[in-house]
Amino acid sequence: MATTTLEPRAGTFSRSWVIDWLTTVDHKKIGILYIVNSFLFFFAAGILALFIRSELAVPGLQFLDQDTYNQAFTMHGTIMIFLFVVPVLAGFGNYIVPLQLGAPDMAFPRINALSFWFLPLGGLLIFSGYLFGGAAAEGWTGYAPLTDDTYAQGVGTDLWIIGLTLVGTASILGSINFIATIFKMRAPGMTLFRMPIFVWTILVTATLIMLATPVLTAGLIALFIDRNYGGSFFDPSVGGNPVLWQHIFWFFGHPEVYIVILPAMGVVSEILPVFSRKPLFGYKAFVFATIGIGLLSWTVWAHHMFTTGAVFLPFFSFMTALIAIPTGIKMFNWLATMWRGKLMFTTAMLFAVGFISMFLIGGISGVMLASPPIDFHVQDTYFVVAHLHYVFFGGSVFGVFAATYYWFPKMFGRKLNEPLGKVHFWLHFIGFNLAFFPMHQLGLSGMPRRISDYAANPEWTILNLVSTVGAFMIAVSVIPFLINVIATFINGEPAGDDPWEGNTLEWATTSPPPPYNFDRLPPIHSERPLFFLTHGHGHAAERPEDLEEEQVHDERPADVERREDPLV
Amino acid sequence: MTTHAEATAREEGKFTPQDHQSGMPTALVGMLLFIASEVMFFGGLFATYFNARATTSGAWGPPEGAHELDIALAGVLTAILVASSFTMQFGVWAIRRGDTGKLKLWTAITLGLGVLFLAGQLYDYSQLGFGVGDGVFGTVFYTLTGFHGAHVFGGAVGLTIVLARAMRGQFSARNHVAVEAVSMYWHFVDVVWIAVFSTIYLLG
């Protein structure tokens, strides 16, 4: 066999950037593809939300008929959850997890690309119902018998089923990839209890996705058989059971709720220590609380079904209330991290603090809903809509924007503009509360969800109008964000490797990182390897500039946990 | 054992791929996780079966006028699939010793048994005289057995790939992770069938 002479640039060859992005298996490019794709679906589903809020601004039917309205809220919910919040957090996970572990890539790079490309395909299939006589219109929960072929005629619902199955398959493959990466690709010294909190939350999330999504797939297949092959899973006239769908859907659906919140909690737990200039308070408590939430999520699904009369109320009510304990632990982790910290209110930090306060409100209304007497009263009212938006939007979406402002410099080498970011945050924060806080009152006074028209009750009218104004304010808040992103690409402030003085390994490489991620890794002796690299106390400062400035203490045993901080 | 070079590399914080090759190969971890998700998928389908059985009033079984389930045939099919798990494992043990000839033989036998199972299942379907649309029993019966059959088919495709690669001499005692992964999956499919058979045919 002939020997090959290595050219200086062996291994790289030029190809057009279109081909490069379409065929990439680099976790960083795939992560960016995930994020961009998710934001496109976010804008599409956001426009549907504006349709909904415009229709509800005043009583009476304005410009949507009932069927169009049903399609709008169904597509809004489905797309926001399955094609925005879950994949955008998976996108950040894709980009950040291998970097934080000191790994060169994900465990299965080609499966990683496959799980991304299922997403736009599935999303477009779900949307394509609009081209074939109307999209699915049963709500994102798709309750039987609304999805029955007698009530949901036309292929919109079938396309919804197929699209969701594809998106679900993508999630399952992605979650397997995350778990294998976390268990097999960690850099030397990166023990499980030195992993960044974001990686921990992704690990628990991936486990939930891997075990919950297949159950939804089974349910969707059963529904497809019912609709197309004369099956009778959910048809009581021939022995089926419509409540079975609710059991299957929520057995998946409640872990799903934590699938969308846990990575956002991880993001916040990365950002708060950096901008408080303190380590995260109670690292291990946070990890165990995350695992606890993951375990409890399997025992609470029927709290969505209290009014069916088919479930044992005390058990599911008690288990649901229990979730307040690990969640409360996290609240105190975050507050104690900020306590007496040297707080820096960057845009990322503002979104993180916004997450804590908004998620707290969503958590409190969640504990209220765990109580059957309250739940019976507000079931299917706007109170539930308010609650779920405080956790999905006030929680997860705030986390998404926090992650965007925090990691954008790492991804593109330039910092987003801070003043514009703050304009974005405040418009977003105020708009969000205007849009969703009045819904609590609407729900308590009995306004049902998923209706296109409502009684011209003066209290309802003003609250709905306020809510619509808030929704448009959220839409407006996206404009400074988009301007910010475009302006930063054109002429942004260069970020350098580590613009925030971060703690974790993604800041130890260049911005953006090379395809193989790291030329060399700092020694890993704690969950904050970069802090100890740049601030001494550590093993061996590796950068020449650090060696000049810092006293190197190399005598101390390598495995002692060093958490002391001059600020505490 | 870490060599001196590796230890030095660790000290310098360099990435050492050797660190990740301890323990189970990454591909097998991926296969185990995939099987875990498949367990939940079949868990969902079994849930539909038990729910239908619990909520149906009256007799549970094929609709009136159709044939009873052929337990004898299903028992033979069960024996075939369980036997194929053993032949698969003989193939794995062979390649762990580096015996590629035996690997090819046992893989071919396993593939043959798998195809025989699928043929037997299709024959069973043709004799039953009821369909997926004939009441809830028909729906859950064909969904459970059909999705299991689809997984057997998937396993047979995997076995075909393993056999083709074995023919080309791509496996050795050190390098045969695909054989291990396909065998794991094949055992899983076998275990699912035992659960399906016990639930539908034995418990009735």
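What counts as what
- Starting afresh in each chain, residues are numbered from 1 along the sequence in its written order.
- Each chain is given a letter, starting from A, and each ligand a number, starting from 1, according to the order in which they appear as written.
- Selection of residues for local features in this predicted model requires a pLDDT of at least 70, selection of side-chain atom pairs for listing and counting requires 80 or more, and totals for whole chains, interfaces and linings are taken over all residues.
- For every residue, the pLDDT score states the predictor's confidence, bounded by 0 at the bottom and 100 at the top.
- What counts as a contact here is a pair of residues whose C-beta atoms, placed from the backbone, lie within 7 Å.
- Think of it this way: any DSSP run of H or I at least four residues long counts as a helix, any run of E at least two long counts as a strand, and we number them from the N terminus.
- Charged means Asp, Glu, Lys or Arg here, nonpolar means Ala, Val, Leu, Ile, Met, Phe, Trp, Tyr, Cys or Pro, and polar covers whatever is left, Gly included.
- Any residue surrounded by 20 or more other C-beta atoms within 10 Å of its C-beta is treated as buried, while 12 or fewer makes it exposed and the intermediate range makes it partly exposed; C-beta atoms here are placed from the backbone.
- What a helix should span is 1.5 Å times the count of its residues minus one.
- Here the bend at each residue means the angle between axes fitted to two seven-residue stretches, the one ending at that residue and the one beginning there.

Undergrad: Tell me about the confidence of the model for chain B, residues and numbers included.
TA: All names here are of chain B. Put simply, chain B has an average pLDDT of 89, and 89% of its residues get 70 or more. Note that residues 5-20 has pLDDT below 50 and, in this model, 22 contacts with residues that lie over four places away or in other chains. Interface confidence for the predicted complex, expressed as ipTM, amounts to 0.89; the pTM equals 0.91.

Undergrad: Mind laying out the interface of chain B and chain A, listing which residues take part and the relevant values?
TA: When the parts of a complex come together, some accessible area is lost, and that lost area is often used as the size of the interface. Taken together, the contact between chain B and chain A spans 33 residues of the former and 38 residues of the latter. Elements with a contribution of two residues or more to the side of chain B that touches chain A: α2 (26-55) and α5 (135-167) of chain B. The dominant element in the side of chain B that touches chain A, judged by the number of residues it contributes, is α2 of chain B, at 18 residues. Taken together, the residues of the side of chain B that touches chain A sort by class into 12 nonpolar, 16 polar and 5 charged.

Undergrad: Account for unusual backbone geometry, naming residues and giving values.
TA: Residues and elements named next belong to chain A. Cis geometry marks the peptide bond from A144 to P145; its omega dihedral reads 5°. Within the fold, P145 resides in the loop between α4 (109-127) and α5 (156-184). Looking along the chain, the bond that leaves S511 and enters P512 is cis, with omega of -10°. Structurally, the position occupied by P512 is in the loop between β2 (493-494) and α16 (529-534). One non-glycine residue with positive phi stands out, namely R340, at about 60°. Relative to the helices and strands, R340 is located in the loop between α10 (324-338) and α11 (347-369). R340 gets classed as exposed once you count the C-beta atoms within 10 Å, which come to 11.

Undergrad: Outline helix α7 (residues 242-276) of chain A, listing residues and values.
TA: Given 3.6 residues per helical turn, the α-helix brings residues three or four places apart onto the same face. Residues and elements named next belong to chain A. Between its first and last C-alpha atoms α7 spans 51 Å; for 35 residues at 1.5 Å apiece the expected length is 51 Å, and the two agree. At W250, α7 shows its largest kink, close to 30°. By the criterion of burial, α7 is predominantly enclosed, with 32 of the 35 residues buried. Phi turns positive, to about 55°, at R277, one or two residues after α7.

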